[in-house]
Amino acid sequence: MSHESTYEPKSAAAKWWDQRLPVPRMMHDQFVDFPTPRNLNYLWTFGGILTFCLVAQIVTGIVLAMHYQPSAAEAFDSVDRIRRDVNYGWLIQAMHASGASMFFIAVYIHIFRGLYYGSYRAPREILWILGVFILLAMMATAFMGYALPWGQMSFWGVTVITNLFSSLDQVIPGLGTAIVQWLWGGYSVSGTTLNRFFSLHYLLPFVIFGLVILHIWALHVAGQNNPTGIEIKTKSDSVPMFPYAVMKDAFALFVFVILFAWFVLFMPDYLGHADNFNVADPLVTPPHIVPEWYFLPFYAILRAIPDKLGGVIAMFASIAILAFIPWLDRSPVRSTKYRPIYKWFFWLFLISCLALGYLGAKPAEGVYVFWARIFTAYYFAHFLIVMPIVGSMETPSKMPGSITDAVLGKKGAAKSDSGGGGVPAGATASPEDR
Amino acid sequence: MSADVEDPQRRDILVVAATAFSAVGAASLIWPFVHQMNPDAGAQALASTEVDLSPIAEGQAITVMWRGKPVFIRNRTPEEVEAAKKVKVDELPDPVSRNENNPGTPATDANRTVEGQEKWLVMVGICTHLGCIPKGQALADSKGDFGGWFCPCHGSHYDTSGRIRKGPAPRNFDVPPYKFVSDTKILIG
Amino acid sequence: MILKRAFAPIRASLAAVAVMGGLTGTALAAGGGEAHIHRHHWSFGGITGQFDRNQLRRGFQVYQEVCAACHGLERVRFRNLVEPGGPEFDEEAVKALAAEWPNQIADGPNDEGEMFERPAKLSDIIKGPYKNDKEARAAQGGALPPDLSLTTRARGVHTDAPWYQHIPMMARDIFTGYQEGGADYLYALLTGYAEKPEGFHLAEGMNYNKYFPGQQIAMAQPLDDEGSVEYQENAGAKMSLKQNAEDVTAFLAWAADPSLNARKQLGWSVMIYLLITTLLLYFAKKSIWRNVKH
C-alpha cells in the first residue's frame, strides 16, 4: 500500500546514494515499514515461504546443472553420479527433487488461502492473475524438470503429456501432429527433446522470478488482504512489516523447513516414483503411468472427459478459469468468513480437488471414472455457477467495522473490564491506541 | 509510528538468540554448496596410469595422460644426464626438487629421478608459470637455452632435469608420484 | 529379527492393478493380483535405521556367490566397498577381489590400436557377466537379468487399501520415515518361490513366484530353502533362505543408496538444530507481538 516514506538516510553516503538509486529507501518502505494488517493468520506466511522455495530451487538447480549431462545417453548416469560421487550431491539432488513438491504444497495452500479470503477481488485482480501465470510457469518448469533424470517415468510422462497436443488433429488434421513433432524435434521423444527441455527448464525459473517481482509489486500497491477482507482504514489496523510480520514469517518458514528437511534427509524417494530409477526405455511403457502428485487433480480432469480434445481443453480450462474468478465472484464481501452459505461450497470445492488428486492416481476405469466426472463437474460448477449465483443471493453475516474492531471484538470481549480494550495492564502503548 | 510506542526492535534476548541461530544454520548450509565443486569421489579415485617405457629410444620423449594432465617421460642421453648433474643447486631459481616421491629435498638431478634409473625423467608437463604445455617433447621442438624444455607462452626455459633456469616460471616441473614396477614399466599415481 | 507373518491370501480386486513399478504389466493378464507384501524389519529402515556392516558383508557374499553369475552391479565401484557407511571391507582385500573379479574391464585401444580386457581396479565398476543387454538376453533365453545397482529404489509396493485409509497411512509412513518398499518387495520375491497352484498355466522356462507381477518369473529360484550361501564362523548369522535373502537385500539397498547412513546422521543433527531454532523463533515472535492483539 502506498504510504509516505519514512526512510531517512543516516549518513552523507547514504544520502548521496538515495538521491541516485534509492534502493535502500524502497526496501525500507516496502519491507521494513510497510503497513501489514495486524490480523493476518499463518496462512499469510506462505508468500515468504514460496519466495524461499523459488530461491532454493534456483540455487540447487544451478548446482545440479554443473554436474548434469543433458543427453539421452548420459542423463540418467549423470544424475546417478551426482547422488553417488559428487560431494554432497545426494543432499543437493534430494533438495531439488523434494523441493519441487514442497513448492507445490506451499503454492496450493497459498492459492486456497486466496480463494477463501477473496484475495482475488478488486483491487487485486492483476495480482491474482499474475499468480495464475506463476502457477502455469511453475507447472511447465516442474514438468520439464521431471524429464531430466531420463528415467522411465520421465520418458513416458513426456511422451504422454506432449501427445496431448496431438488432439488438435481433431480440429485441423495434421496440426496436432505437426505441433508434437515440433515439440519433440523428431518423430518421437528423444535426446533432442531432452536437450530443449533442459534449456527451458533452466530458463523458466527466471521467468517465474520476474513474474514474482511483479506479483510482489502488485501486492505492495494494493496492500495485503486479511482474514476480514476489510481494507486497512486507520493506522491501528496495521503493524509495520518489520519486525512483526518478518518474525512471524521466519517462524513459519522454519516450521516449513522442518517438513522439507524431513523429506530430504529421511525419505528422499517418498515424493517420487520408483519407476524413475529405471533408465528410460522407449520400448517398454511402465504399467501404471502417473504424473507427480501435484498434477494429479488436473490429470484426473483430463481423463474424466471421454473425448481426447475435450479432455485436454478441460484440463487447461481448469487452470485458465482461475484468471476469471475476480469477475465471477459476485459477493458484496471478500472473506468467506462472513459468507454463511458459500462457506460450505468452499469446503466442497476443496474436497473435490483432493478427491480429484486421489482419482488421478487411480486407473481410469469403472467407479473411478464415475467419481472423477462428478468432481470435475463440480470443479467447474463451483466457478461458473456457485460463485456468481451464491455470491449475488447470499446475505453476508454481520461484519466488524474495521480490522481493529475485529481483533478487539474477538479477543478483547472477555477482558474488556481490565481496561485498554484487552491490552494487558501496564502496556504503555499498543497499536490500537495510536 | 508515534514516539511512545515501545521500541519493537528492543534487543530482546530471545530475538537475538533466534536470529543468531538462524544465521548459523544458513551459514552452515553454504558448505555443501561450496564443496560440491571440489573434485568428486570419482575424480579422486581416478585410476593410476601404467606406462611401458620399452618403446622409448634414447633421446626420445613421450607424453602420457595422468589425472587429465600431460606427463612428460624422457629417456635422456648420457650427455643430458651429465649436464643436469653438473648444475649447482644454489644457482637455481628454485632450489627444491618438487618431487612428490622425495618431498622437500634439494633440486639435484638425483632427487628428481629414481636411483638406478637416472636416465628416465618423469614429470608433469605443465609450465609452473601459468599452465601452458612447454615445447621440447618432439625432436624438432625448440628445447630452450638449456636443452630441456621451453615454454612459448612467456619464455620460460627449463633444463634437462626439468628445472626452471630462465623466465617467469617460479618452480621446477613437478614430479608426480610414481614407481618402477619393473625395469621397463612405471606406475604413475 | 524377521517378522514371521502369514502371507495374506491372494486377492483379486479392482485395485490390484499394476502393483509393482518398473516391471512389465502382466499383472492383469494373469487374472489375479499379487500376494500382499509384508513390511519387513530392516536395520536401515525408518528415520533412525542404519546399515549393519556385518549384514552388508554377508549380503555381498551372497551377491558374489549367487547373483553375480547373471547380474551386474555396474553403478557401484569396488572402491565403494571400502568407503564408510558400506560393508567397509579392507582396502587391500578389495584390491585383490577386484583383480580377481571374473568379469574384466574393457579398455583400450592399446598402442597397437586393439581393444583389450584387463583386471578391475578399485576405481572400476563391479562388472556383470555380459557385455551388453543383447548378449544377456541371448544367454538367458530372452530374459534380461537387470543390473542390480538401483533395484531396491526402482521397485516399490503399492497400497491396495481403500480410499479412506490413505490419509492415515500416508501420515504414518511419513512420520515413521517408511521408504523400504523396494527392499520389502525384493525380499518377498526372493522368498516367494513356490509350487504353482493347481490349474495355473506356467509358460515354458518360467518359474512360479507369488510376488512377481503375473506370478511368472524367468529367474529360477536363486536361493534354496536350505540356504545357499554358507557364512564364515564370525559372520554373525547362520545360513538359511531367509537369512541369505535378507542379507543380500540389505546389501542391494546399500548399493542403491550408499549415502543412507550419512544422510540419516546428518538428518538428526539438522532436526535438532531446526527444532531448537524454531522454538526460539516462536518465542521471539511471541515476545515481539506481546503487546499487539491480533
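Residues numbered from 1 in each chain as written. Chains lettered and ligands numbered in written order. Predicted model: local features only at pLDDT ≥ 70, side-chain atom pairs only at ≥ 80, totals over all residues. Heavy atoms only, no water.

Residues and elements named next belong to chain B. With respect to topology, three strands assemble into an open sheet ordered β5-β6-β7, the strand pairing being antiparallel. The open sheet has two free edges, formed respectively by β5 (147-151) and β7 (164-166), since each of these has just one partner strand. Between one strand axis and the next, the sheet turns by 35° as a mean value, whatever way the strands run. (Pairing = 2+ DSSP bridges. Helix = DSSP H or I, 4+ residues; strand = E, 2+ residues; numbered from the N terminus. Axes fitted to C-alpha atoms, helices over the stretch in contact; angles between N-to-C directions.)

Within this structure, the stated rule accounts for 56 aromatic pairs over all chains. Residues Y158(B) and F173(B) carry aromatic rings whose centres are separated by 3.9 Å and whose planes lie at 15° to one another, so their mutual orientation is stacked. Residue Y158(B) is found in strand β6 (residues 156-159), and its partner F173(B) is found in the loop between β7 and β8 (178-182); the two are separated by 15 residues along the sequence. Between the aromatic rings of F44(C) and F51(C), the centroid separation amounts to 5.0 Å while the plane-to-plane angle is 40°, which identifies the pairing as tilted. Residue F51(C) is classed as buried on the basis of its relative accessible area of 8%. Following the ring pairs from residue to residue traces out a cluster consisting of W44(A), F112(A), Y116(A), Y117(A), F346(A), W347(A), F349(A), Y379(A), F380(A) and F383(A). Here R74(B) stacks its cationic end above the ring of W149(B), 4.1 Å away from the centre of that ring. Over the ring of Y231(C) we find R58(C); its NZ or CZ atom is 5.7 Å from the centre of that ring. (Phe/Tyr/Trp six-rings, centres within 6.5 Å; stacked < 30°, edge-to-face > 60°. Buried < 20%, exposed > 50% of the residue type's maximum accessible area, 1.4 Å probe, protein only. Lys NZ or Arg CZ within 6 Å of the ring centre and 35° of its normal.)

To continue, consider the interface of chain A and chain C. With 54 residues of chain A in contact, the opposing surface of chain C contributes 58 residues. Across the chain A to chain C interface the summed buried area is about 5,100 Å²; carbon plus sulfur atoms make up 68%. With its nearest N and O atoms 3.8 Å apart, the salt bridge here joins R75(C) to D80(A). Our enumeration of links across chain A and chain C arrives at 12 residue pairs in polar contact (both at pLDDT 80 or more). (Contact = heavy atoms within 4.5 Å. Buried area = accessible area lost by both parts, 1.4 Å probe. Salt bridge = Lys/Arg side-chain N within 4 Å of Asp/Glu carboxyl O. Polar contact = N/O pair within 3.5 Å; in protein donor to acceptor, adjacent residues only side chain to side chain.)

With that settled, consider the domain arrangement of chain C. Residues and elements named next belong to chain C. Here chain C is partitioned into domain 1 (2-56 + 64-71 + 143-181 + 193-284) and domain 2 (73-127). The partner domain 2 presents 12 residues to the 16 residues of domain 1 that form the contact. Of the roughly 1,100 Å² buried at the junction of domain 1 and domain 2 (both faces included), carbon and sulfur atoms supply 66%. Counting the surface domain 1 buries against domain 2, the share from its top three residues, R53, S149 and W254, is 39%. Counting every contact that joins domain 1 to domain 2 gives one salt bridge. Between R53 and E88 there is a salt bridge, with the nearest N and O atoms lying 3.6 Å from each other. The tally of links from domain 1 across to domain 2 stands at five residue pairs in polar contact (both at pLDDT 80 or more). Ranked by the residues each element gives to the side of domain 1 that touches domain 2, the list is headed by helix α7 (residues 241-256), at four residues. Counted by class, the side of domain 1 that touches domain 2 contains 10 nonpolar, four polar and two charged residues. (Domains from an automatic or database assignment. Nonpolar A, V, L, I, M, F, W, Y, C, P; charged D, E, K, R; others polar.)

Moving on to the nonpolar core. The nonpolar side chains of a soluble globular protein tend to be buried, and buried together. In terms of nonpolar packing, the biggest core is built from 134 residues, with F104(A), Y108(A), L115(A), L135(A), Y379(A) and F383(A) touching the most fellow members. Looking at this core element by element, the count peaks at 17 residues for helix α5 (residues 89-117) of chain A. When sequence neighbours within four positions are dropped, the list of residues in contact with Y379(A) reads F298(A), I301(A), S318(A), I321(A), F349(A), C353(A) and L356(A). Core analysis: the second largest hydrophobic core is formed by 42 residues, L97(C), W101(C), L241(C) and A245(C) among them. (Core = buried A, V, L, I, M, F, W, Y, C linked by side-chain atoms within 4.5 Å.)

Below, the discussion takes up the confidence of the model for chain B. For chain B, the average pLDDT comes to 89, and 94% of its residues sit at 70 or higher. Here helix α2 (residues 41-44) of chain B stands out as the element of chain B with the lowest mean pLDDT, 84, in contrast to strand β4 (residues 120-124) of chain B, whose mean of 95 is the highest. (pLDDT = per-residue confidence, 0-100.)

Moving on to the pattern of salt bridges. Counted under the stated rule, the structure contains 30 salt bridges over all chains. Here E231(A) ties to R334(A) by a salt bridge, and the two come within 2.7 Å at their closest N and O atoms. Taken together, the residues E231(A) in the loop between α9 (191-222) and β2 (238-240) and R334(A) in the loop between α13 (325-328) and α14 (342-360) connect sequence positions 103 residues apart. Note that E80(B) and R74(B) form a salt bridge whose closest N and O atoms lie 3.1 Å from each other.

So, on to the sheet that holds strand β1 (residues 49-52) of chain B. Residue and element names in this part refer to chain B. Judged by pairing direction, the sheet is antiparallel, and its three strands sit side by side in the order β1-β9-β8 without closing on themselves. Single-partner strands in this sheet number two, and they are β1 and β8. Taken pair by pair, the neighbouring strands of this sheet meet at an average axis angle of 25°, ignoring direction. For β8 and strand β9 (residues 185-188), the ladder comprises four bridges, and the chain directions are antiparallel. Its bridge partner being in β9, F180 is matched across the sheet by I186.

Spanning 32 residues, α9(A) covers 46 Å between terminal C-alpha atoms, matching the ideal 46 Å at 1.5 Å per step. Directly beyond the C-terminal end of α9(A), a positive phi value near 85° is found at G223(A). (Expected span 1.5 Å × (residues − 1).)

What follows is about the pairing of strand β2 (residues 61-66) of chain B. Taken together, the six bridges between β2(B) and strand β3 (residues 69-75) of chain B define a ladder with antiparallel strand orientation. Bridge pairing in β3(B) places I62(B) opposite I73(B).

Attention now goes to the environment of S397(A). Residues and elements named next belong to chain A. Along the chain, S397 falls in the loop between α15 (366-393) and α16 (403-411). Residue S397 is classed as partly exposed on the basis of its relative accessible area of 33%. With 59 residues separating them along the chain, S397 and Y338 place their C-alpha atoms 5.0 Å apart. Once residues lying within four places of it in the same chain are set aside, the contact partners of S397 are K337, Y338, R339 and P340.

Helix packing geometry: the angle between the two helix axes and the distance between the axes. Residues and elements named next belong to chain A. With their axes 9 Å apart at the nearest point, helix α2 (residues 23-32) and helix α10 (residues 241-266) run at an angle of 60° to one another. The angle between α2 and α10 falls in the class oblique. Along the contact surface, α2 presents Q30, F31 and V32, while α10 presents M241, F242 and V246. Residues that form the contact of α2 with α10 fall into these classes: five nonpolar, one polar and no charged. (Parallel < 35°, antiparallel > 145°, perpendicular 65-115°, else oblique.)

Moving on, we come to the pairing of β3(B). Residue and element names in this part refer to chain B. The buried count for β3 comes to six of seven residues, which makes it a mostly enclosed element. Connecting the antiparallel pair β2 and β3 is a turn made up of two residues, with R67 showing a positive phi of about 50°. Both β3 and β4 contribute to a ladder of five bridges, which runs antiparallel. Bridge pairing in β4 links F72 to M123.

This part covers the state of the cysteines. Residues and elements named next belong to chain B. Scanning all chains against the criterion turns up one disulfide over all chains. Between the sulfur atoms of C132 and its disulfide mate C153 the distance is 2.1 Å. For the disulfide bridge between C132 and C153, the dihedral angle about the S-S bond is near -100°, and by the sign convention the bridge is left-handed. Remark: C153 occurs in the loop between β5 and β6 and C132 occurs in the loop between β4 and β5; sequence separation between them is 21 residues. (Disulfide = S-S within 2.5 Å.)

The omega torsion across A122(A) and P123(A) is 5°, close enough to zero to call that bond cis. Between F242(A) and the following residue, P243(A), the backbone shows a cis peptide bond with an omega angle of 0°. Within the secondary structure, P243(A) is located in helix α10. Despite not being glycine, Y88(A) has its phi angle at roughly 60°, a positive value. Looking at the secondary structure, you find Y88(A) in the loop between α4 (75-84) and α5. Even without glycine at this site, R98(B) takes up a positive phi of about 55°. Among the structural elements, R98(B) can be located in the loop between α3 (78-86) and α4 (109-112).

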